[in-house]
Amino acid sequence: MDVKIEDSWKEKLIDEFTKPYFQNLAGFVREEYKNSKIYPPGKKIFSAFEHCTFDNLKVVILGQDPYHGPGQANGLCFSVADNVPMPPSLINIFKEIKSDIGKDIPTSGNLERWADQGVLLLNATLTVKAHSPGSHQNKGWEEFTDSVIKTISKQKEGIVFLLWGAYAQRKGEVIDESKHLVMKSAHPSPFAANRGFFGCKHFSKTNEYLKSRGEKEIDW
């Protein structure tokens, strides 16, 4: 695995890439791509960082695993490539946006347009084997993405973290809530959305917070 990560992130995370756990992870991922069908495509593993530089970062949304079906994963959590049917969680995200700020549900589930505005759409695990959810968990990715979150928490100020579901909330325990806005709700999946994701108003609240800091709001 070649670590082709955007320069501002590379500068912040350079120490991680030389640690033994990351070297082991890189070897594992390289072999997996060689021998199995892995998502997202290799060149999109670090897409979340390409579209949202460290300097432009305003919002962090945490996911768990990339989608494991053909053509879905594009390196951004909850996002799918253009012309791919939207998974249920993503449909629920757009339903909440419509109810919160009145914006119509789009035809494409590609969230690159959010990322380009400063939303880091970060999965805890950045790769997965086809049709095998969780197959790349506990191989080192979580340690890497924990380091990303800690780096943001320590070196930035006034970032909005959206933590949907118990997994994201546990992962977000390292965030300094005295410096950042951390909002939590149930997960948007069909199994949980009615237990507090619907009605959370995270999208309008994010924009109110950004506006209060004199920053440009996100066009959801």
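To start, this report covers the structure provided alongside it. All figures in this text were calculated on a predicted structure; none of them were measured in a lab.

Details of the overall build of the protein
Reasoning step 1: Assigned secondary structure in the protein consists of eight helices and six strands.
Reasoning step 2: Counted from the first residue to the last, the protein has its helices and strands arranged as α-α-β-α-β-α-α-β-β-α-β-α-β-α.
Reasoning step 3: Its C-alpha radius of gyration of 17 Å places the protein within 12% of the 17 Å reference for a compact globule of 220 residues.
Reasoning step 4: Dimensions of the protein along its principal axes, counting C-alpha atoms only, are 45 × 35 × 25 Å.
Reasoning step 5: Residues counted as buried form 53% of the 220 residues belonging to the protein.
Reasoning step 6: Side chains of the protein give 29 positive and 28 negative charges; the mean places of these two sets differ by 3 Å.

Details of the nonpolar core
Reasoning step 1: Residues Trp9, Phe49, Ile61, Trp114, Leu120, Phe144 and Ile152 are the most contacted members of the largest nonpolar core, which totals 66 residues.
Reasoning step 2: Beyond its immediate sequence surroundings of up to four residues, Trp114 is in contact with Ile61, Ile93, Phe94, Ile97, Val119, Leu121, Phe203, Asp219 and Trp220.

As for the pairing of strand β6 (residues 181-185)
On any regular strand, side chains alternate: one points to one face of the sheet, the next to the other face.
Reasoning step 1: Bridge count between strand β5 (residues 160-164) and β6: five bridges; the pairing is parallel. Residue pairing in the sheet places Val160 in a bridge with Leu181 of β6.
Reasoning step 2: The β-α-β motif built from β5, the intervening helix α7 (residues 166-171) and the parallel element β6 has right-handed crossover chirality.

Concerning the sheet that holds β5
Reasoning step 1: Strands sit in the order β3-β2-β5-β6 across an open sheet of four strands; the sheet is parallel. Of all the strands in the sheet, the pair left with one neighbour each is β3 (119-123) and β6. The mean angle between the axes of side-by-side strands here comes to 20°, regardless of whether they run parallel or antiparallel.

Concerning helix α8 (residues 202-212)
Reasoning step 1: When we look at burial in α8, the residues that qualify are His202, Phe203, Ser204, Thr206, Asn207 and Leu210.
Reasoning step 2: Against β2 (59-63), α4 (88-101), α5 (112-115), β5 and β6 lie the buried residues of α8.
Reasoning step 3: Gly214 occupies a position one or two residues after α8 and carries a positive phi of about 75°.

Describing the environment of Phe161
Reasoning step 1: Structurally, Phe161 is set in strand β5.
Reasoning step 2: For Phe161, a relative accessible area of 0% translates into the label buried.
Reasoning step 3: Not counting the four nearest positions on each side in its chain, Phe161 is found in contact with Val60, Ile149, Ile152, Ile175, His180, Leu181, Val182 and Met183.

Concerning the packing of aromatic side chains
Note on aromatic pairs: each is described by the distance of the centres and the angle between the planes.
Reasoning step 1: According to the stated counting rule, one finds 20 aromatic pairs in the structure shown.
Reasoning step 2: Pairing Phe22 with Phe144 gives two aromatic rings, centres 5.4 Å apart and planes at 55°, and the pair type is tilted. Highlighted residues: Phe22 in helix α2 (residues 20-35) and Phe144 in helix α6 (residues 141-155), separated in sequence by 122 residues. In this structure, Phe22 and Phe144 share a single accessibility class: buried.
Reasoning step 3: Taken together, a centroid distance of 6.1 Å and an interplanar angle of 65° make the contact between Trp141 and Phe144 edge-to-face. Here Trp141 and its partner Phe144 are both found in helix α6, three residues apart, which amounts to about one turn of the helix.
Reasoning step 4: Looking at Trp141, the relative accessible area reads 0%, which means it is buried.
Reasoning step 5: Through a chain of ring-to-ring contacts, three or more aromatic side chains come together here, namely Trp9, Phe17, Tyr21, Phe22, Phe46, Phe49, Phe54, Trp141 and Phe144.

Parameters and conventions
Each chain has its residues counted from 1, following the order in which its sequence is written. In keeping with the predicted nature of the model, local features appear solely for residues at pLDDT of at least 70, side-chain atom pairs appear and are counted solely at 80 or more, and the whole-chain, interface and lining totals rest on all residues. Remark: hydrogens and water are excluded; side-chain values derive from all non-hydrogen atoms of the structure. Strands here are runs of E lasting at least two residues and helices are runs of H or I lasting at least four, both read from the DSSP assignment and numbered beginning at the N terminus. The globule rule used for comparison is 2.2 Å times the number of residues to the exponent 0.38, while the radius of gyration itself is calculated over C-alpha atoms. Working definition: with a 1.4 Å probe on protein chains only, accessible area under 20% of the residue-type maximum means buried, over 50% means exposed, and in between means partly exposed. We treat Lys and Arg as the positive residues and Asp and Glu as the negative residues; His and chain ends play no part in the count. Where a charge sits is defined by one atom per residue type, namely NZ (Lys), CZ (Arg), CG (Asp) or CD (Glu). We call a set of buried residues a nonpolar core when its members are Ala, Val, Leu, Ile, Met, Phe, Trp, Tyr or Cys and they connect through side-chain atoms within 4.5 Å of each other. The contact definition used throughout considers only heavy atoms, calling two residues in contact when any of these lie within 4.5 Å. By definition, two strands form a pair when at least two bridges between them are found by DSSP. We call a crossover right-handed when, viewed with the strands running away from us, the connection from the first strand over the helix to the second turns clockwise. Fitted lines through C-alpha atoms serve as axes, helices being fitted only where they are in contact, and the angles separating the N-to-C directions of these axes extend from 0 to 180 degrees. We call Phe, Tyr and Trp rings a pair once their centres come within 6.5 Å, taking the six-membered ring for Trp, and we label the pair stacked below 30 degrees between planes, edge-to-face above 60, and tilted otherwise.

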